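Residue-level listing of the chains:
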Amino acid sequence: MEIKHLRSFVTLAEELHFGRAAHRLSIVQPALSMQIKMLEEELGVRLFERNRHSVALTEVGAIFLPEARATLHQSAHAADVARASGRGEIGRVRLGFVSSVLPELLPTLIRSLHKRFPRIELELKDMPGPDQAAALKNGRLDFGLMRLPAVIPGIQTREVLQETFIVAFPSDHPLASCDTLHPTALAQVPVFILARRYAPGFYDGLMQTLSSHGAQLEIASELGEFTTMLALVSAGLGVGLLPAHAGRALPANVISKPLELGNYRATTGLAWVDLNSAVKTTVFSLMSELLLEPIGYGSQ
């Protein structure tokens, strides 16, 4: 059963006139008659009662009409899906992320993607950089938003966000009266930091910068999540050292102050392995538009 035969049947059922139906289909009337005859022979039924003066659907034809219309609709839908997929306008993209992108960058991406490409599904995974890198390499992630520097063979990265650092502490802490904090002010104060295994480059860079400013920290604990860090700070067990965006949502009794580290910034980057599908290229291009600087395709 050919789609063109179904289309001819539906058109003739709507017009009930071979001449008008043939004109709508942009074919000659004998060709339309042949297509209807072939469809009836294939089905083994009569779809139309016709004579020199009129054309009418048989009872079988009337029952068959909604089914034929549904088949044509599904056929058109399937063709649309295939074409949209080829243009990169439909599909699923898996994105890993770290907490610093939650306040602004990630919501902006989600809103823009939903508005521009509503048939692209964005699957989000909150996971640290090393886990993102492993998932990118084994194909469980398409893109990652991870803390840099992260020089990983086979993975390309590009900077998308820079942040200053803050210190979070209970609102009744002695440091609460300071407008900004120098690293040396943290001496003999229990400090929570992000553990190295969750972001090695981030950790090493921060420790080297603190040391260059003469700070000798009393590390209370190295943690895996900033939310856990802020809960411990809220409990009065120490102060937390974290990037500014990661500290946007503070517990009620916790405040933050800027940490003076000169020009040093925490950096978050987009990471990917390849752009081997149309939908990945679409999302990559959209992220390029949303960032301040165009993303390059070269390896870092």
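The structure this text deals with has already been given above.
Everything numeric in this text was worked out from a predicted model, so none of it was measured.

Caption draft 1: Region of interest: the pairing of strand β8 (residues 190-194). Burial analysis of β8 places four of its five residues in the buried class, which makes it a mostly covered element. Two strands pair when backbone bridges link them, and β8 and strand β9 (residues 218-223) are joined in this way by five bridges, in the parallel orientation. Within β9, the residue paired with Phe192 across the bridge is Ser221. A crossover connection joins β8 to the parallel β9 through helix α7 (residues 200-212); in handedness this β-α-β unit is right-handed. Alignment of β8 against strand β10 (residues 239-243), held across two bridges, turns out to be parallel. Residue Phe192 lies in a different strand from β10, and its bridge partner there is Gly240.

Caption draft 2: Representation of the packing of helix α2 (residues 18-25) against helix α3 (residues 29-43). It is the contact of α2 with α3, at a shortest axis distance of 9 Å, that shows an interaxial angle of 100 degrees. Our classification of the angle between α2 and α3 gives roughly perpendicular. Where α2 approaches α3, its residues Phe18, Gly19, Ala21, Ala22 and Leu25 are matched on the opposing element by Gln29, Leu32 and Ser33. A per-class count over the contact of α2 with α3 returns five nonpolar, three polar and no charged.

Caption draft 3: Quick peek at the packing of aromatic side chains. In the structure shown here, the tally under the stated rule is six aromatic pairs. Taken together, a centroid distance of 5.8 Å and an interplanar angle of 35 degrees make the contact between Phe165 and Phe202 tilted. Of this pair, Phe165 sits in strand β7 (residues 165-170) while Phe202 sits in helix α7, and the two are 37 residues apart along the sequence. For Phe165, a relative accessible area of 1% puts it in the buried group. Classification of Phe202 as buried rests on a relative accessible area of 3%. With 5.9 Å between their ring centres and 15 degrees between their planes, Phe165 and Tyr264 make a pair best called stacked.

Caption draft 4: Broad picture of helix α5 (residues 105-116). Between its first and last C-alpha atoms α5 spans 16 Å; for twelve residues at 1.5 Å apiece the expected length is 16 Å, and the two agree. Inspection of α5 places Leu105, Leu106, Leu109, Ser112 and Leu113 among the buried residues, and these make up the whole buried set. Relative to the axis of α5, the buried residues are bounded by an arc of 135 degrees and lie together on one face. Exposed residues lying more than 90 degrees from the buried face of α5 are Arg111, His114 and Lys115. Packing partners of the buried residues in α5 comprise β3 (91-97), β4 (120-126), β5 (143-148), β6 (156-163) and α9 (278-290).

Calculation notes
Residues numbered from 1 in each chain as written. Predicted model: local features only at pLDDT ≥ 70, side-chain atom pairs only at ≥ 80, totals over all residues. Heavy atoms only, no water. Buried < 20%, exposed > 50% of the residue type's maximum accessible area, 1.4 Å probe, protein only. Helix = DSSP H or I, 4+ residues; strand = E, 2+ residues; numbered from the N terminus. Pairing = 2+ DSSP bridges. Right-handed = clockwise from strand over helix to strand, strands pointing away. Axes fitted to C-alpha atoms, helices over the stretch in contact; angles between N-to-C directions. Parallel < 35°, antiparallel > 145°, perpendicular 65-115°, else oblique. Contact = heavy atoms within 4.5 Å. Nonpolar A, V, L, I, M, F, W, Y, C, P; charged D, E, K, R; others polar. Phe/Tyr/Trp six-rings, centres within 6.5 Å; stacked < 30°, edge-to-face > 60°. Expected span 1.5 Å × (residues − 1). Arc of directions from axis to C-beta.

Structural measurements only, silent on function.
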